[in-house]
Amino acid sequence: MRALIGAVLLAVRTVCRIGTLTAFAVLVGVVVVQVLGRVPGVPTVPWTEEVARFALVYLVGFSCGLAVLRGEMVNVDLFVAPLPPRGRRVAERLSDIVVLGFSLAILPGAWDYVAFSAGERARSLDVPMLPVYAVMLLIPGALAFFSLVRLLGFGQQGSPAHGETT
């Protein structure tokens with residue numbers, strides 16, 4: 001069972017990493033197009049701001065679960081760092097439970113939000129907004145999934161302290 005969970009975790013983590021990198025690349029590309037549009041003689045395109053907003057939403061959607069997996073999403077170093085190792089683990093598991101509960105609580109509302117937005121179209125692109133609104137399901141789903149796998153002992157070590165507690 002542990003191997004199956006590990007395999008599913010690896011697959012979901014890979015999808016989230018690819019999605020994060022893709023959203024970031026799109027954001028960088030759109031910003032380059034926006035900057036070039038300010039150069040005299042280069043035509044401006046009206047859809048760049050909208051695509052930049054969509055890329056930011058996808059960036060959050062794909063990366064928030066990865067942050068939870070590493071213990072970096074809900075982490076108050078000033079509170080957790082001074083605790084002994086056992087106290088730190090308890091605080092981390094409590095935050096995982098809170099994130100899991102909150103994510104599951106908002107999931108039905110996110111579903112309703114996406115369901116009621118079917119048929120809407122982006123103004124400047126004239127494309128369906130459903131894929132963009134679907135991120136509202138991705139965020140609580142990813143938070144719930146990665147919180148659950150952390151509770152099951154599949155969490156990863158976060159990056160070293162950034163000096164916040166010094």
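Let me sum up the structure you'll find in this document. (Residues numbered from 1 in each chain as written. Predicted model: local features only at pLDDT ≥ 70, side-chain atom pairs only at ≥ 80, totals over all residues. Heavy atoms only, no water.)

1. Description of a nonpolar patch on the surface
On the surface, a cluster of nonpolar side chains totalling about 470 Å² of accessible area is made up of F24, V28, V32, L36, V39 and V42. Looking at the element boundaries, V42 is found in the loop between α1 (2-36) and α2 (48-69). V42 gets classed as partly exposed once you look at its relative accessible area, which sits at 34%. (Patch = residues over 30% accessible without salt bridge, like charges linked within 9 Å, V, L, I, M, F, W, Y side chains within 5 Å. Areas by Shrake-Rupley, 256 points an atom, 1.4 Å probe, with all protein chains shown as cover. Salt bridge = Lys/Arg side-chain N within 4 Å of Asp/Glu carboxyl O. Helix = DSSP H or I, 4+ residues; strand = E, 2+ residues; numbered from the N terminus. Buried < 20%, exposed > 50% of the residue type's maximum accessible area, 1.4 Å probe, protein only.)

2. Overview of the nonpolar core
Counting residues in hydrophobic clusters, the biggest one holds 15 residues, and the most contacted among them are L9, L143, F146 and V149. Every element with two or more residues in this core is listed here: α1, α2 and α6 (135-151). The leading source of residues in this core is α6, at six residues. Not counting chain neighbours up to four residues away, the residues in contact with L9 comprise L69, F145, F146, V149 and F154. (Core = buried A, V, L, I, M, F, W, Y, C linked by side-chain atoms within 4.5 Å. Contact = heavy atoms within 4.5 Å.)

3. Digging into α1
In an α-helix there are 3.6 residues to a turn, and that puts residues three or four apart on one side. Taking 1.5 Å per residue, 35 residues should reach 51 Å; α1 reaches 50 Å between its end C-alpha atoms and fits that length. Taken as a whole, α1 has its buried residues at L9, R13, C16, G19, T20, A23, L27 and V30. Here the buried face of α1 lies against α2 and α6. (Expected span 1.5 Å × (residues − 1).)

4. Thoughts on the pattern of salt bridges
Counted according to the given criterion, the structure contains four salt bridges. Salt-bridge contacts for E92 lead to R93; the nearest nitrogen and oxygen are separated by 4.0 Å. Across the pair D126 and R121 runs a salt bridge whose closest N-O atoms are separated by 2.9 Å. Classification of R121 as partly exposed rests on a relative accessible area of 44%. By sharing partners, the salt bridges in this structure join E92, R93, D96 and R150 into a single network.

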